[in-house]
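# Examining the three-dimensional arrangement
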Amino acid sequence: MEFIIGLWNVFLQLIHNFRIADALDIVLVTFIIYNAIKLVRETRAGQLVRGIIVLMVVWLLSYWLNLYMMQSIISYLFQFAFIALLIIFQPEIRRALEQIGRSGIGAGKTWNFGFTFVSGEAEAKLQKSRKAVNAVVDAVVQMSRQKTGALIVFEMKTKLGDIIDTGTIVEAIPSAQIICNIFFNKAPLHDGAMIVRNGMVYAAGCILPLTKSDNVSVELGTRHRAAIGMSENSDAVIVVVSEETGQISVVTNGTITRNYTRETLNSELENLVLSETAEPDEKKQSWISSFRRTKKQ
């Protein structure tokens, strides 16, 4: 009973001294731990973390059992642990920093407190992106029927300059004919990825990084693995046409979805590619509607 009363008194003391800054501190630490676990889960980093935990348990046991040699060896390992972790987790750290850069404060967002106006330039950009999506859908459906392999990357917030440098600059107005010609199996640029930037067929014959995940189906070939690898290193939207089956797939954030038709592919690309461009227009319509309701009242 006294133990419970003591715990209650400690709880009341904590509540009495609790500040808003403490709540913010708890939320931030929870957010960091959650995202760290999410980052390393189902990756090579997850296995490495489990290995580190095993080493820590062994070190504690050696300390408790007075195993001086084992304790000294593990202690020496831990002295260089920070540098070793930076080297081992370099891909995961880079990916995490890129995600923070894409979703952090001020990452391509305009803070205007609800007063958003769409310029003619933004409207033109939306129309160019829509035209590119329609051209890609038409070309992909045609290549799917002909079982022509294709790998098309829509550049989003993450710039793909290093990927573009591995290919050839095209910078052409998108059309189904141009896209099909690029991926024609005897064309010089067919063996690689095509990059769509700002509604233009910007580059072709580009080399993408292959995924290093062990969870990829053995049925998927190099083209699909390159698409997954590209999506793991950026926020790009990638469309893949299988050369063996003609099956259409879309890859984002390391996840592949398959068996698309013309209608579902068009809907998916409009949702993924056009949503960001169309956002200011939606805000404008919302602001105008709100203004009209206020005026009537």
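Bear in mind the structure is a predicted one, so any value in this text is a computation, not a measurement.

### Comments concerning the overall build of the protein
In terms of regular secondary structure, the protein is built from 11 helices and 7 strands. In the protein, which comprises 297 residues, the proportion classed as buried is 31%. Pairs at least 24 apart in sequence give 62% of the contacts found in the protein among residues at least 6 apart. Approximately 19700 Å² of the protein is accessible, and the part contributed by carbon and sulfur atoms is 61%.

### Comments concerning the side chain of Ser62
For Ser62, the location among the structural elements is in helix α3 (residues 44-64). Other than its neighbours up to four places away in sequence, Ser62 contacts Leu67, Met70 and Gln71.

### Considerations on the pattern of salt bridges
The tally for this structure, following the rule as stated, stands at 3 salt bridges. A salt bridge links Arg262 to Asp138, with the nearest nitrogen and oxygen atoms 2.7 Å apart. Of this pair, Arg262 sits in helix α11 (residues 262-296) while Asp138 sits in helix α7 (residues 120-146), and the two are 124 residues apart along the sequence. Given the relative accessible area of 35%, Asp138 is considered partly exposed. In this structure, Glu243 engages Arg223 in a salt bridge whose closest nitrogen and oxygen atoms are separated by 3.8 Å. Here Arg223 lies in helix α10 (residues 222-232) and Glu243 lies in the loop between β5 (237-241) and β6 (248-252), a separation of 20 residues in the sequence. A residue is classified by how much of its surface remains accessible, and Glu243, at 41% relative accessible area, is partly exposed.

### Examining the nonpolar core
Grouped together as the largest cluster of nonpolar side chains are 33 residues, with contacts concentrated most on Val140, Met143, Ile152, Phe154, Ile179, Leu265 and Leu269. Of all the secondary-structure elements, those providing two or more residues to this core are α7, β1 (150-154), α9 (176-182), β3 (193-197), β4 (200-206), β5, β6 and α11. Counting residues per element, this core draws most heavily on α7, which supplies 10 residues. Core analysis: the next-biggest nonpolar cluster, separate from the first, contains 20 residues, Ile195, Val216, Val240 and Val251 among them.

### Here we look at α10
Residues lying three or four places apart along an α-helix face the same way, a consequence of the helix completing one turn every 3.6 residues. Buried within α10 we find His224, Ala226, Ala227, Ile228, Gly229, Met230 and Ser231. Contacts made by the buried residues of α10 are with β1, α8 (161-164), β5, β6 and β7 (255-258).

### Details of a nonpolar patch on the surface
On the surface, Ile53, Val57, Leu61, Trp64, Leu65, Leu67 and Met70 cluster together into a nonpolar patch covering about 710 Å² of accessible area. Tracing the backbone through its elements, the reader meets Val57 in helix α3.

### Some details on the environment of Gln142
The residue Gln142 is located in helix α7 in this model. You can call Gln142 partly exposed: its relative accessible area is 32%. In this structure, the C-alpha to C-alpha distance between Gln142 and Arg262, residues 120 residues apart in sequence, is 9.8 Å.

### Looking at the sheet that holds strand β2 (residues 168-172)
Two strands in a sheet stick together by hydrogen bonds in their backbones, pointing the same way (parallel) or opposite ways (antiparallel). A sheet is described by the order of its strands in space; here 7 strands give the open sequence β2-β4-β3-β1-β5-β6-β7, paired in mixed fashion. Since the sheet does not close on itself, it has two edges, and those belong to β2 and β7, each with one partner. On average, each strand axis in the sheet is tilted by 20° relative to the strand beside it, whichever way the strands run. Across the face of the sheet, α10 comes into contact with β1, β5, β6 and β7 while running at roughly 175° to β5.

### Describing the pairing of β5
Among the 5 residues that make up β5, 5 are buried, leaving the element largely enclosed by the rest of the structure. Here β5 shows no split at all, with Val237, Val239 and Val241 on one side and Ile238 and Val240 on the other all buried. Relative to β6, β5 is paired through 4 bridges, and the arrangement is antiparallel. Bridged to Val239 within β6 is Val250. The loop that links β5 with its antiparallel partner β6 comprises 6 residues; one of these, Gly246, has a positive phi angle of about 75°.

### Things to note about the packing of aromatic side chains
Under the counting rule described, the total for this entry stands at 1 aromatic pair. Positioned above the aromatic ring of Tyr202, the side-chain terminus of Arg197 is 4.8 Å from the ring centre.

### Looking at the confidence of the model for the protein
For the protein, per-residue confidence averages 79 on the pLDDT scale, and residues scoring 70 or more make up 76% of the total. A low-confidence stretch, residues 105-118 stays under pLDDT 50, and its non-local contacts, those more than four residues away or across chains, total 15 contacts.

### A short note on unusual backbone geometry
If you check the backbone angles, Asn66 has positive phi at about 60° while not being a glycine. Residue position: Asn66 is located in the loop between α3 and α4 (68-79). Positioned with a positive phi, Glu171 is a non-glycine residue whose angle comes to about 50°. Tracing the backbone shows Glu171 in strand β2.

Quick notes on the rules
Residues numbered from 1 in each chain as written. Predicted model: local features only at pLDDT ≥ 70, side-chain atom pairs only at ≥ 80, totals over all residues. Heavy atoms only, no water. Helix = DSSP H or I, 4+ residues; strand = E, 2+ residues; numbered from the N terminus. Buried < 20%, exposed > 50% of the residue type's maximum accessible area, 1.4 Å probe, protein only. Contact = heavy atoms within 4.5 Å. Areas by Shrake-Rupley, 256 points an atom, 1.4 Å probe, with all protein chains shown as cover. Salt bridge = Lys/Arg side-chain N within 4 Å of Asp/Glu carboxyl O. Core = buried A, V, L, I, M, F, W, Y, C linked by side-chain atoms within 4.5 Å. Patch = residues over 30% accessible without salt bridge, like charges linked within 9 Å, V, L, I, M, F, W, Y side chains within 5 Å. Pairing = 2+ DSSP bridges. Axes fitted to C-alpha atoms, helices over the stretch in contact; angles between N-to-C directions. Phe/Tyr/Trp six-rings, centres within 6.5 Å; stacked < 30°, edge-to-face > 60°. Lys NZ or Arg CZ within 6 Å of the ring centre and 35° of its normal. pLDDT = per-residue confidence, 0-100.

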